[in-house]
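# Remarks on the overall topology
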Amino acid sequence: MSAQDAKQAAIPETVPTLPSRPADQAEENFPKISLREKLSYSVGDIGSNVVYAPATTFVLFYLTNIAGIGAAVAGTILLVGQLLNGVTDLLVGVFIDKTKTRWGKTRPWILVTAIPMGLSLVLLFSVPSGFSETGKIAWAFIMYALLMAVFFTASNIAYSALLAVLTPSPKTRVTLTTFRFFMALLTTLIVSSITLPLIQTLGNDQHAWTSLTSIYGIIAAVTLLIVFFGTKERVVTAATAADAEPEQPLGTRLKNLFHNRYFVLAGLLFIAFYLLSGLAQGSGVYYATNILGDASLFSILSIATILPSLIGISFMPAIMGRYGKRPIFLIGLGIMLIGSLLPLFGPHSFELILISQLIRGVGQIPLTAGLFAIVADVVDYSEWKHGVRSDGLIYSAAIFGQKVGGGFGAAAVGWLLSWGAYDAKVVHQSAAANQAIFGAYIYLPIALIVVVGIIVYFFRIEQYTPQVQAFLRKKREQTQAAS
């Protein structure tokens, strides 16, 4: 029996119940990350979200109301563009795992995609008005695919995978995730709040969208360059250490990953959660405009949803460090469900919708803070179980779930609007169109919160934390002794 087979046989079928606080993981032995580097890492989510927020929240509205593309076609463009990630995510994940440079394996990808990603955002929101309908559709599809399936994919997978190679410390990973998502939330809050008012100020036309997204594109490029120059990869793994162990064939790695229940559950969790987010983001501006009667209210609702997370996210590392991620996730989802049920009692009341969004915002704090941290847990668990570390592949699956979920969410909004005969040229929509907006903004999110809760319930990876960390610590010591 090989050493790997022996290790596999030693994995217990059942694991004893652990105390609420994880076992000592020798945090003092892990390399320290300076505040400067934490900030340099976290500003990457400014760059990512100054692109991702408009490309998910406003792109459907832009395509239907400015570019003049039908809702169903626009929604399908977003979905097909995201489904292309099924190919590009896998390829990028494999390429990252094979990358070996003096800067590491993730940071070079952040460097080379920074400027192209910003430029493709501008082009997406610059559909030529003189094009025919077919030409507009082709332009929108090509630019959306370039942005989301190529440049954002490569940049965001690399940026997300960077977390696992910055430090081996689970506690520091949660802290870094908190830092990055604070920036993500702040950026999303600002972009969601100021975009429509600025568009109105700039003339509410094509030139306004091109001008504003140009500013967003520059911000994205600059902040991602800060990530490259301000961080350092420290975790030396089998993928990066010369001759550390034989490279496992891609087919075997994929087979092992898809036999890893936590890899599968993490992918499903990302799809379901971001489908929920995509529905809320894509339908929010239509709900404010057509149900509440004032598009400017969307900015207030966005603040109500995001502000609680912006305030509460800093408490999550300590809370999750004590009680674990899974139980806190479940509590948060229960709060989200309560908030999502409130609009059923007064869907036309702005005050009730505002309270609903505040409660939902409180409930989503744990998932916002810890979602990407559990992917790092899956990376470690996979290395322990199968002997090969696959940061790029596993994070590519997470990003794939994020974008496919968001793509399906935006597409579902477009399809529902088309089913309800939504007409961007009229002031008052039909009853069927309004029902479609209700479905996208209220009914479907309630069902999806339940689905996310079921997935989280079965996500019990933290029971393996002591064994995984002991294995990885021993492996690091052996690697350092051999170097």
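All values reported here derive from a predicted model rather than from experimental measurement.

## Re the overall build of the protein chain
Scanning the protein chain from terminus to terminus reveals 19 helices and 0 strands. Sorting the 483 residues of the protein chain into buried and exposed places 58% on the buried side. At a minimum sequence separation of 6, the contacts of the protein chain that also span at least 24 residues come to 84%. For the protein chain, the computed accessible surface area is about 19,300 Å², with 68% contributed by carbon and sulfur atoms.

## Things to note about unusual backbone geometry
Even without being a glycine, Asn-204 presents a positive backbone phi close to 55°. The topology assignment puts Asn-204 in the loop between α8 (170–201) and α9 (206–230). Overall, Asn-204 belongs to the partly exposed group, its relative accessible area being 38%. Even without glycine at this site, Ala-421 takes up a positive phi of about 60°.

## As for a nonpolar patch on the surface
Judged by side-chain polarity, Phe-182, Leu-186, Ile-190, Ile-194, Leu-198 and Leu-202 come together as a nonpolar surface patch covering roughly 430 Å² of accessible area. Mapped onto the fold, Phe-182 is located in helix α8.

## Focus: the packing of aromatic side chains
Within this structure, the stated rule accounts for 24 aromatic pairs. Centroid distance Tyr-62 to Phe-125: 5.1 Å. Interplanar angle 55°. Geometry classified as tilted. Separated by 63 residues along the polypeptide, Tyr-62 in helix α3 (residues 44–65) and Phe-125 in the loop between α6 (107–124) and α7 (133–166) bring together distant segments of the chain. Residue Tyr-62 is classed as buried on the basis of its relative accessible area, which comes to 0%. Look at Phe-273 and Tyr-274: their rings are 5.4 Å apart centre to centre, the planes differ by 85°, and that puts the pair in the edge-to-face class. Phe-273 gets classed as buried once you look at its relative accessible area, which sits at 6%. The class for Tyr-274 is buried, based on a relative accessible area of 10%. Linked through ring pairs, Phe-58, Tyr-62, Phe-125, Trp-209 and Phe-298 together constitute an aromatic cluster.

## Some remarks on empty space enclosed by the protein
To locate leftover empty space, one rolls a probe as large as a water molecule over the atoms. With the rule as written, the count across this model stands at 5 cavities of 30 Å³ or more. Put simply, the largest cavity is a space of about 720 Å³. Forming the boundary of the largest cavity are 37 residues, of which Thr-188, Ser-277, Gln-281, Ile-306 and Gln-364 lie nearest the centre. Every element with two or more residues in the lining of the largest cavity is listed here: α3, α7, α8, α11 (261–291), α12 (297–312), α15 (350–363), α16 (365–386) and α17 (391–419).

## Regarding the packing of α6 against α7
Packing of α6 against α7 brings their axes to within 8 Å, and their N-to-C directions diverge by 150°. On the basis of the axis angle, α6 is roughly antiparallel to α7. In this structure, α6 crosses over α7, and the sense of that crossing is left-handed. Only Trp-139, Ala-140, Met-143, Tyr-144, Leu-147, Phe-151, Phe-152, Ala-154, Ser-155, Ala-158, Tyr-159 and Leu-162 of α7 make contact with α6, whose side of the interface consists of Arg-107, Trp-109, Ile-110, Thr-113, Pro-116, Met-117, Ser-120, Leu-121, Leu-123 and Leu-124. By residue class, the composition of the contact of α6 with α7 is 18 nonpolar, 3 polar and 1 charged.

## Concerning the environment of Phe-182
For Phe-182, a relative accessible area of 34% corresponds to the partly exposed category. Each C-alpha atom of the pair Phe-182 and Thr-368 lies 9.0 Å from the other, and the pair is 186 residues apart in sequence. Other than its neighbours up to four places away in sequence, Phe-182 contacts Leu-310 and Ile-313.

## So, α16
In this model α16 runs 33 Å from its N-terminal to its C-terminal C-alpha over 22 residues, within 8% of the 32 Å that 1.5 Å per residue would give. Leu-371 marks the point of greatest bend in α16, at about 40°. Most of α16 is tucked away: 22 of the 22 residues are buried. Note on α16: the residue one or two positions beyond its end, Gly-387, has a positive phi of about 80°.

## Looking at the confidence of the model for the protein chain
On average, residues of the protein chain score 82 in pLDDT, and 87% of them are at 70 or above. Overall, residues 238–245 carries pLDDT values under 50, and its contacts beyond four positions in sequence, including any with other chains, amount to 12 contacts.

## Considering the pattern of salt bridges
Applying the stated criterion across every chain, the model contains 3 salt bridges. Notably, a salt bridge pairs Glu-462 with Lys-325, separated by 3.6 Å at the nearest N-O pair. One end of the pair, Glu-462, is in the loop between α18 (431–457) and α19 (465–482); the other, Lys-325, is in helix α14 (residues 325–341), and 137 residues separate them in sequence. On the accessibility criterion, Glu-462 (23% relative accessible area) is partly exposed. Each of the salt bridges in this network shares a partner with another, and the network as a whole consists of Lys-325, Asp-377 and Glu-462.

## Notes on the nonpolar core
By size, the foremost hydrophobic cluster in this structure holds 133 residues, and its most contacted members are Leu-63, Tyr-286, Tyr-287 and Tyr-395. Once residues within four sequence positions are removed from consideration, Tyr-286 is found in contact with Leu-60, Phe-61, Thr-64, Asn-65, Ile-291, Val-413, Leu-417, Tyr-422 and Ile-437.

## Regarding the side chain of Ser-340
Here Ser-340 shows up in helix α14. Overall, the relative accessible area of 4% leaves Ser-340 in the buried class. At a separation of 2.9 Å, a polar atom in the side chain of Ser-340 contacts the main-chain carbonyl oxygen of Met-336. Excluding anything up to four places from it in sequence, Ser-340 contacts Ser-356, Arg-360, Ile-442, Ile-446 and Ile-449.

Here is what the cut-offs are and how they apply
- Residues numbered from 1 in each chain as written.
- Predicted model: local features only at pLDDT ≥ 70, side-chain atom pairs only at ≥ 80, totals over all residues.
- Heavy atoms only, no water.
- Helix = DSSP H or I, 4+ residues; strand = E, 2+ residues; numbered from the N terminus.
- Buried < 20%, exposed > 50% of the residue type's maximum accessible area, 1.4 Å probe, protein only.
- Contact = heavy atoms within 4.5 Å.
- Areas by Shrake-Rupley, 256 points an atom, 1.4 Å probe, with all protein chains shown as cover.
- Patch = residues over 30% accessible without salt bridge, like charges linked within 9 Å, V, L, I, M, F, W, Y side chains within 5 Å.
- Salt bridge = Lys/Arg side-chain N within 4 Å of Asp/Glu carboxyl O.
- Phe/Tyr/Trp six-rings, centres within 6.5 Å; stacked < 30°, edge-to-face > 60°.
- 1 Å grid on protein atoms, 1.4 Å probe; cavity = no way out; pocket = protein on both sides within 12 Å on 5 of 7 lines; lining within 4 Å.
- Points joined across faces, edges and corners; volume = space filled by probe spheres on them.
- Axes fitted to C-alpha atoms, helices over the stretch in contact; angles between N-to-C directions.
- Parallel < 35°, antiparallel > 145°, perpendicular 65-115°, else oblique.
- Left-handed = near helix turned anticlockwise from the far one by under 90°.
- Nonpolar A, V, L, I, M, F, W, Y, C, P; charged D, E, K, R; others polar.
- Expected span 1.5 Å × (residues − 1).
- Bend = angle between axes of the 7 residues up to and from the residue.
- pLDDT = per-residue confidence, 0-100.
- Core = buried A, V, L, I, M, F, W, Y, C linked by side-chain atoms within 4.5 Å.
- Polar contact = N/O pair within 3.5 Å; in protein donor to acceptor, adjacent residues only side chain to side chain.

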